[in-house]
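Observations on the model geometry
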Amino acid sequence: MPGIVVFGRRWGIASDDLVFPGAFELFIRILWWIGTMILFTYHKGHFDCNGRGVLHSYVVGLLVVLALIILSLCAIVYVSAQGTITNPGPRRSIPALVYLRALLYIPELVWACLGAVWVSDDSRGCDPATVGAVIAAVVASWIILLFTVLGVVFVFDPLGNPRPQAAAMEPLGVRDMESNEGTQFLSTARSLAVKVWESRLRLLCCCLPQDESHRAAFSSIAQLFSGFFSDTDLVPSDIAAGLALLHQEQDKMEQSRDPDIVVDHSPSSPIGEDLETELQKAAHCMQFAAAAYGWPMYIYSNPLTGPCKLSGDCCRSRAAEYDIVGGDHLGCHFSSILHSTGLQYRDFIYVSFHNQIYEIPFFVALDHKREAVLVAVRGTLSLKDVLTDLSAECENLPIEGVSGACYAHKGICQAASYIYKKLVNDGILNQAFSIAPEYKLVITGHSLGAGTASLLAILLRNSFPTLQCYSFSPPGGLLSKALADYSKDFVVSVVLGKDLVPRLSIPNMEDLKRRILKIVSNCSKPKYRILLQGCWYELFGGDPDDGPTEMDDRREEELNQPLLGEESLMIRHSSSYQSLASDDSPAHKAAHLPLFLPGRILHITEDGPSRRSCFSKVRYRADWSNEMAFRSILISPRMLADHMPDAVLRALNSLTSERPFSLCPSSLNNSQHNTI
């Protein structure tokens, strides 16, 4: 931290990132050197075959080159392990060692070519074991060279060009952001960052059509990403170390919390509401939300029986029996929906698997068990859905009868508008209610589908006052406060454990970035130790780390500048660094509009010890919570697993049936989070 500067540019790794790759290569090189020495000793330096002189020179030279490489790697590993993330002073010799190591690739390349020539021209009459050993050495050399090239490509930073010479003469922290030169430099850097992120998105989504809507989405997402990363000098390993430290810090705070503290629940929760009834309704709707994912989720949830059940249905033609729009030519999606929901063909009013950016699949069916016209919206399952998710800036969404600022997540808002037009303008809901006029409208979805379902319910609320929406694991950055309060009368959001997505919003990500910067700046351990201890803690548990910090006595004004004294792309008034001094710093004020979860929030957590064996029973508890309990991202091994639709469905079924499940991954889970 920041990226190491060698060969006239900045790279995507720091000077303390060479411990693990250097140690791995050192291990390989030592084994290689020992094998070569055994070969040389076995023949006592005399090879009785054609080209013996070339072979002798090759083996002796290889021993020398390997010895030099081993010495250079020892120095790199030792120096890279010194200092801390924010104290690179003891590692200032790393660039010189990297240059030395790079120079040693030249004789290694020459010796690899020499070995290849000997094998092809002069190896006749030699011991097959000797020939095989030389071939192995040549192949190993070329493999290492290949992986070195791939590593260079991987850590290449397109934004790592050196600064203009006039700017390079100024030390870090001298230039004022408010000056014309500083402002121009920052503007140029950010414009370049936007172009780089646009190129990355186009490359990642090269299979998608490059039309105007996709280009606009790429540009919007690129501006979001470049703005988020532009004011820090973190490299990926710094983020990994910060997350490991944050996880242990959160667990330490959780363990020290008084267990007798009463958790405040949502003041909007109706007094005396039947929680069990809501759980039963939620468990029923979750079947439809999970079914909307089609055959991938059905196979994932039923790996043994799913393929057999679908194999006889996928290629059967039923075009006359129901109306399917787009993306299900073999019928596998629809067949899996039938198996998951237990509905009949005649119960489906409309099924769409059409998928474009801002246009996501959904289906409309008659749920006779609950006497409802049910609209189920699919969650993220394609690159187009990911682009919809990442279009996270705010868009105005005026709703009649709602006072206050009304805005929402742009991508999800447009997806909800697309489905709204289909349901209303194409007469799909009219058709459904003409068949069952006494039924009520229920909307459901998971993840992206949950956010879309919530916004769709808000759009339809005035036309269908009795509608209900069940939103499972919705994205946190969804609604303005006014819309979130308005939706509490008809939307129920269900969140499982430490699920990341309901806590994911731009303000929360900014807060996470600030906390990572703060915790790595206060850690007195080298990065390799942080990562090793973090991996051990995630896999095997133990007590959270409680080591000393090196910045406890650091003057507050020093925290207002980027953390390192070496040259950086950062300038003094970076808001991320200004906010390190205090949580109440003016720079810590929200730079983005706050967004909240929809409706009333039903939070499900595991009840019992934080870590358990793979075959122990898992019991859940459900409580009403509020949106403020999800204003911070919690780091946990379960933060992604708790988002999976099968995990949410399993927890709901467990709560409604009172049958605990055996769930091996829960052995990695931590105790339920603090909702205060």
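If you're wondering where the values come from, they're calculated on a predicted model, not measured in any experiment.

Next up on the list: the overall build of the protein. Helix and strand counts for the protein come out as 23 helices and 14 strands. Taking all 676 residues of the protein together, the buried fraction comes to 50%. In the protein, once contacts between residues fewer than 6 apart in sequence are set aside, the share between residues at least 24 apart is 75%. Of the roughly 31,200 Å² of accessible surface on the protein, a fraction of 61% belongs to carbon and sulfur atoms.

Turning our attention to the packing of aromatic side chains. In this description, a pair of aromatic rings is defined by centroid distance and the angle of the planes. This model, assessed by the stated rule, comprises nine aromatic pairs. A ring pair is formed by F7 and Y99, whose centres lie 5.0 Å apart and whose planes are at 85 degrees; its orientation type is edge-to-face. Placement of F7 in the loop between β1 (5-6) and β2 (9-10) and of Y99 in helix α3 (residues 94-103) is noted, with a sequence separation of 92 residues between them. What makes Y99 partly exposed here is its relative accessible area of 36%. Among the aromatic residues, ring-to-ring pairing joins F334, Y345, F348 and F363 into one connected group. Geometry around F596 places K481 over its ring, the cationic atom sitting 5.4 Å from the centre. Across the ring face of F596, the terminal group of R631 is positioned such that the distance to the ring centre comes to 4.5 Å.

It is worth spelling out the packing of helix α9 (residues 236-255) against helix α19 (residues 506-522) at this point. Between α9 and α19, the shortest axis-to-axis distance is 9 Å and the interhelical angle comes to 90 degrees. The angle between the axes of α9 and α19 places the two elements in the roughly perpendicular class. Along the contact surface, α9 presents D238, I239, G242, L243, L245, L246, E249 and Q250, while α19 presents L512, R515, I516, I519 and V520. Classifying every residue of the contact of α9 with α19 by side-chain character gives eight nonpolar, two polar and three charged.

Bringing a nonpolar patch on the surface into the picture now. Together, I135, V139, I143, L146, F147 and L150 line one region of the surface with nonpolar side chains, adding up to about 560 Å² of accessible area. Along the chain, the position of F147 falls in helix α5 (residues 128-155).

Moving on, we come to the confidence of the model for the protein. When pLDDT is averaged across the protein, the result is 80; 77% of the residues are at 70 or more. Every residue in residues 164-178 scores below 50 in pLDDT, and together they form 30 contacts with partners more than four places removed in sequence or on other chains. In this model, residues 548-573 is a region of pLDDT below 50 whose contacts with residues beyond four sequence positions or in other chains number 80 contacts.

Attention now goes to the pairing of strand β12 (residues 600-607). Among the eight residues that make up β12, seven are buried, leaving the element largely enclosed by the rest of the structure. As defined by bridge partners, strand β11 (residues 491-496) adjoins β12 across five bridges and the pair is classed as parallel. Following the sheet pairing, L496 is matched in β12 by I604. Of the pairings in the sheet, the one linking β12 to strand β13 (residues 617-625) comprises seven bridges and is antiparallel in character. Directly across from T605, in β13, lies its bridge partner R621.

Over its 20 residues, α9 runs 29 Å from end to end, which matches the ideal 28 Å to within 8%, given 1.5 Å per residue. Elements that come into contact with the buried residues of α9 comprise α19 and α20 (527-540).

This part is about the pattern of salt bridges. The tally for this structure, following the rule as stated, stands at 21 salt bridges. Between K481 and D485 there is a salt bridge, and its shortest N-O distance comes to 3.5 Å. Taken together, the residues span about one helical turn, with K481 and D485 both in helix α18 (residues 481-486) at a distance of four residues. D485 gets classed as partly exposed once you look at its relative accessible area, which sits at 35%. What you see here is one network of salt bridges that share partners, running through D16, D17, R91, D238 and K527.

To continue, consider the nonpolar core. Here is a general trend for soluble globular proteins: nonpolar side chains tend to be buried in one another's company. Ranked by internal contacts, the top residues of the largest apolar core, which has 47 residues, are F362, V364, V373, V375, L423, L441 and L455. Counting only elements with at least two residues in this core, the list comes to β4 (348-352), β5 (362-367), β6 (372-377), α15 (410-425), α16 (428-435), β9 (440-446), α17 (448-460) and α18. Apart from the residues within four sequence positions on either side, V364 is in contact with F348, I349, Y350, V373, L374, V375, L423 and I428.

For any two helices packed against each other, one specifies the inter-axial angle together with the distance between the axes. Running from N to C, helix α10 (residues 275-291) and helix α13 (residues 332-341) point in directions that differ by 165 degrees, and their axes come no closer than 9 Å. Viewed along their axes, α10 and α13 adopt a mutual orientation that is roughly antiparallel. Considering only the axes of α10 and α13, their crossing is right-handed. Residue-level contacts link Q287, F288 and A291 of α10 to I337, S340 and T341 of α13.

To continue, consider the side chain of S480. By secondary structure assignment, the location of S480 is in the loop between β10 (468-472) and α18. On the accessibility criterion, S480 (0% relative accessible area) is buried. S480 has contacts with A405, C406, Y407, P594, L595 and F596, leaving out every residue within four places of it along the chain.

Before going further, it helps to spend a moment on α17. With 13 residues, α17 ought to run about 18 Å at 1.5 Å a step, and its terminal C-alpha atoms sit 18 Å apart, in line with that. Counting buried positions along α17 gives twelve out of 13 residues, so the element sits mostly inside the fold.

When you line up the elements, I30 lands in helix α1 (residues 19-42). I30 sits 39 residues away from I69 along the chain, and the two C-alpha atoms are 9.6 Å apart.

This next bit is on unusual backbone geometry. Even without being glycine, Y358 reaches a positive phi, approximately 70 degrees. Mapped onto the elements of the fold, Y358 is located in the loop between β4 and β5. We note that S473 has phi near 55 degrees; this positive angle belongs to a residue other than glycine. Within the element layout of this structure, S473 appears in the loop between β10 and α18. Residue classification places S473 among the buried positions, given a relative accessible area of 0%.

When you line up the elements, T388 lands in helix α14 (residues 383-390). Looking at T388, the relative accessible area reads 0%, which means it is buried. From its side chain, T388 meets the backbone nitrogen of Y358 in a polar contact 2.9 Å long. Look past the residues within four positions of T388 in its chain and what remains in contact with it is I357, Y358, H409, G411, I412, A415 and L448.

Structurally, the position occupied by H592 is in the loop between α21 (575-578) and β12. Distance from H592 to P507, taken between C-alpha atoms, is 6.2 Å for residues 85 residues apart in sequence. Leaving out residues up to four positions away in the same chain, H592 has contacts with I506, P507 and E510.

What follows is about the environment of H43. Tracing the backbone through its elements, the reader meets H43 in the loop between α1 and α2 (52-80). Residue classification places H43 among the buried residues on the basis of a relative accessible area of 18%. Here the alpha-carbon distance between H43 and T130, two residues 87 residues apart in the chain, equals 9.5 Å. Beyond its immediate chain neighbours, meaning those up to four positions away, H43 contacts D127 and T130.

Conventions we followed
Residues numbered from 1 in each chain as written. Predicted model: local features only at pLDDT ≥ 70, side-chain atom pairs only at ≥ 80, totals over all residues. Heavy atoms only, no water. Helix = DSSP H or I, 4+ residues; strand = E, 2+ residues; numbered from the N terminus. Buried < 20%, exposed > 50% of the residue type's maximum accessible area, 1.4 Å probe, protein only. Contact = heavy atoms within 4.5 Å. Areas by Shrake-Rupley, 256 points an atom, 1.4 Å probe, with all protein chains shown as cover. Phe/Tyr/Trp six-rings, centres within 6.5 Å; stacked < 30°, edge-to-face > 60°. Lys NZ or Arg CZ within 6 Å of the ring centre and 35° of its normal. Axes fitted to C-alpha atoms, helices over the stretch in contact; angles between N-to-C directions. Parallel < 35°, antiparallel > 145°, perpendicular 65-115°, else oblique. Nonpolar A, V, L, I, M, F, W, Y, C, P; charged D, E, K, R; others polar. Patch = residues over 30% accessible without salt bridge, like charges linked within 9 Å, V, L, I, M, F, W, Y side chains within 5 Å. Salt bridge = Lys/Arg side-chain N within 4 Å of Asp/Glu carboxyl O. pLDDT = per-residue confidence, 0-100. Pairing = 2+ DSSP bridges. Expected span 1.5 Å × (residues − 1). Core = buried A, V, L, I, M, F, W, Y, C linked by side-chain atoms within 4.5 Å. Left-handed = near helix turned anticlockwise from the far one by under 90°. Polar contact = N/O pair within 3.5 Å; in protein donor to acceptor, adjacent residues only side chain to side chain.

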